[in-house]
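Overview (structure and organization)
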Amino acid sequence: MVIFNNCVSLGFALWGVLGLALGWDLCGSLAFCLALNYKQMELYHALPFFCYLLGKCTRKGLTGKGLTHLLKIAGTVAASFALCWLPFLADPAQALQVLRRLFPVDRGLFEDKVANTWCSLSVLVKVKNLLLPQTQLRLSFAATLLAVLPSCIKLFVHPSVRGFKLALVTCSLGFFLFSFQVHEKSILLAALPVCLLISEIPFISTWFLQVTTFSMLPLLLKDGLLLPYIVTSLAFLLISITLLSALEQTSEEDLKLKQLFTRRRKHMPRFNAPLLAKSGYILSVLCMAVLSFLSAALSPPARLPDLFPVAISLFSYVHFVGFLIYFNTIHLTELPSKKTQKKTN
């Protein structure tokens, strides 16, 4: 049932992205409102939707067509929320109870062994014990805001469909890594927009999706899904290497880093990005295979019952931080094309 709930909200969000990509802003806004009201975790995607639509309206001019378009979007959002919340508005106490259930701040900074900053940091520093709950909440809010702000500003100033997809990745990853009360399966919210980039950046996208599945291994083992995990992981690895030719698309141009490395070429003349990328990928896949085997076949020491889940969490966390830096880099360094600007206008 939990997986079904996630599929429904992700499906609505995907329809929202498709609507905006086709220029159907009202339909896209409606679809995303349904996704957000179905499951509050869609807040991970809310800022890119907001910044893209506001930036698009601003480019049209907030005194003419832009203002009219903005009012239409605002009306669509208000009507959607009113219909979804209509059963609870008759009783304010009931509406407040729903909000408390949606945002369970009393449950603590994190649960289980999720591959985010706070869980990884707790291996060395017990943040839960050092800071008051309210301080933890403020700290996670500030860290999340700092992580997502650069990409959101770029999207608002230069709204484009490609920038919108990149901002969806960076913002959802920023929320996953730094926000309050994150669950392992929340990484699916970042995986959705990465899937939309798989034709543009196949190497990094397929690598990200493999780490995403691996990061949920402890959760999958709890649910007795080891065999489906092995079969689907191997099948996706085979598809990535053969049909998508991911390992063959590791040049600076394929990685969308040509402009960045051209500037740095004088300082790093021997830097070989394709070789480094392939080596890192192969090493990563081998480590995931070893950790998967150890988690499934061996029992951890009695003194360290969470050894394997923590190792998987830390391993995945390092990857997700690297992916966050990568996607932010290509978004922030990308120059807006004249073709994209004409489409937006």
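Residues numbered from 1 in each chain as written. Predicted model: local features only at pLDDT ≥ 70, side-chain atom pairs only at ≥ 80, totals over all residues. Heavy atoms only, no water.

Right, let's talk about the pattern of salt bridges for a bit. Under the counting rule described, the total for this entry stands at five salt bridges. Note that aspartate 25 and lysine 56 form a salt bridge whose closest N and O atoms lie 3.0 Å from each other. Of this pair, aspartate 25 sits in helix 2 (residues 25–38) while lysine 56 sits in helix 3 (residues 43–60); the two residues are 31 residues apart in sequence, bridging distant segments of the chain. Classification of aspartate 25 by relative accessible area gives buried; the value is 2%. (Salt bridge = Lys/Arg side-chain N within 4 Å of Asp/Glu carboxyl O. Helix = DSSP H or I, 4+ residues; strand = E, 2+ residues; numbered from the N terminus. Buried < 20%, exposed > 50% of the residue type's maximum accessible area, 1.4 Å probe, protein only.)

Before going further, it helps to spend a moment on helix 9 (residues 161–178). For helix 9, spanning 18 residues, the distance from its first C-alpha to its last is 26 Å, which sits close to the expected 26 Å at 1.5 Å a residue. Along helix 9, 17 of the 18 residues are buried, which leaves the element largely enclosed by surrounding structure. (Expected span 1.5 Å × (residues − 1).)

This part takes up the nonpolar core. The nonpolar side chains of a soluble globular protein tend to be buried with one another. One finds Leu173, Phe176, Ile204, Phe208, Phe320, Phe323 and Phe327 to be the most contacted residues of the largest nonpolar core, which totals 77 residues. No other element matches helix 9, which puts 11 residues into this core. Not counting residues within four places of it along the chain, the set of residues in contact with phenylalanine 327 comprises Leu166, Val169, Thr170, Val194, Leu197, Ile201 and Ile204. (Core = buried A, V, L, I, M, F, W, Y, C linked by side-chain atoms within 4.5 Å. Contact = heavy atoms within 4.5 Å.)

Our focus in this paragraph is the state of the cysteines. By the definition in use, this model includes zero disulfides. Of all cysteine sulfurs in the structure, the one in cysteine 195 sits closest to cysteine 7, which takes part in no disulfide; the separation is 12 Å. Here cysteine 287 is not cross-linked by a disulfide; its sulfur's nearest cysteine counterpart is in cysteine 119, at 19 Å. Note on cysteine 287: relative accessible area 29%, which makes it partly exposed. (Disulfide = S-S within 2.5 Å.)

This next bit is on a nonpolar patch on the surface. On the surface, a nonpolar cluster with roughly 680 Å² of combined accessible area is contributed by Leu121, Val123, Leu124, Val125, Leu130, Leu131, Leu139 and Leu314. Following the sequence through the fold, leucine 139 ends up in helix 8 (residues 133–157). The exposure class assigned to leucine 139 is partly exposed, which follows from its relative accessible area of 38%. (Patch = residues over 30% accessible without salt bridge, like charges linked within 9 Å, V, L, I, M, F, W, Y side chains within 5 Å. Areas by Shrake-Rupley, 256 points an atom, 1.4 Å probe, with all protein chains shown as cover.)

Attention now moves to the environment of serine 186. Along the chain, the position of serine 186 falls in the loop between helix 9 and helix 10 (188–196). Owing to a relative accessible area of 6%, serine 186 belongs among the buried residues under this scheme. For the pair serine 186 and arginine 100, spaced 86 residues apart in sequence, the C-alpha to C-alpha distance is 19 Å.

In contact at an axis separation of 8 Å, helix 3 and helix 9 are set at 150 degrees when each is read in the N-to-C sense. In this structure, the crossing between helix 3 and helix 9 has a hand that is right-handed. Contacts from Leu43, Tyr44, His45, Leu47, Pro48, Phe49 and Tyr52 of helix 3 reach helix 9 at Val161, Phe164, Ala167, Leu168, Cys171, Ser172, Phe175 and Phe176. Classifying every residue of the contact of helix 3 with helix 9 by side-chain character gives 13 nonpolar, two polar and no charged. (Axes fitted to C-alpha atoms, helices over the stretch in contact; angles between N-to-C directions. Left-handed = near helix turned anticlockwise from the far one by under 90°. Nonpolar A, V, L, I, M, F, W, Y, C, P; charged D, E, K, R; others polar.)

The next subject is the packing of aromatic side chains. Tallying each qualifying case throughout the model produces 14 aromatic pairs. The interplanar angle of 25 degrees and the centroid separation of 5.3 Å between the aromatic rings of tyrosine 44 and phenylalanine 175 together place this pair among those described as stacked. Here tyrosine 44, found in helix 3, pairs with phenylalanine 175, found in helix 9; they are 131 residues apart in sequence, far enough to count as distant. Assessed through its relative accessible area of 4%, tyrosine 44 is described here as buried. With a centroid separation of 5.1 Å and 90 degrees between ring planes, the pair formed by phenylalanine 49 and phenylalanine 164 is classed as edge-to-face. Here phenylalanine 49, found in helix 3, pairs with phenylalanine 164, found in helix 9; they are 115 residues apart in sequence, far enough to count as distant. (Phe/Tyr/Trp six-rings, centres within 6.5 Å; stacked < 30°, edge-to-face > 60°.)

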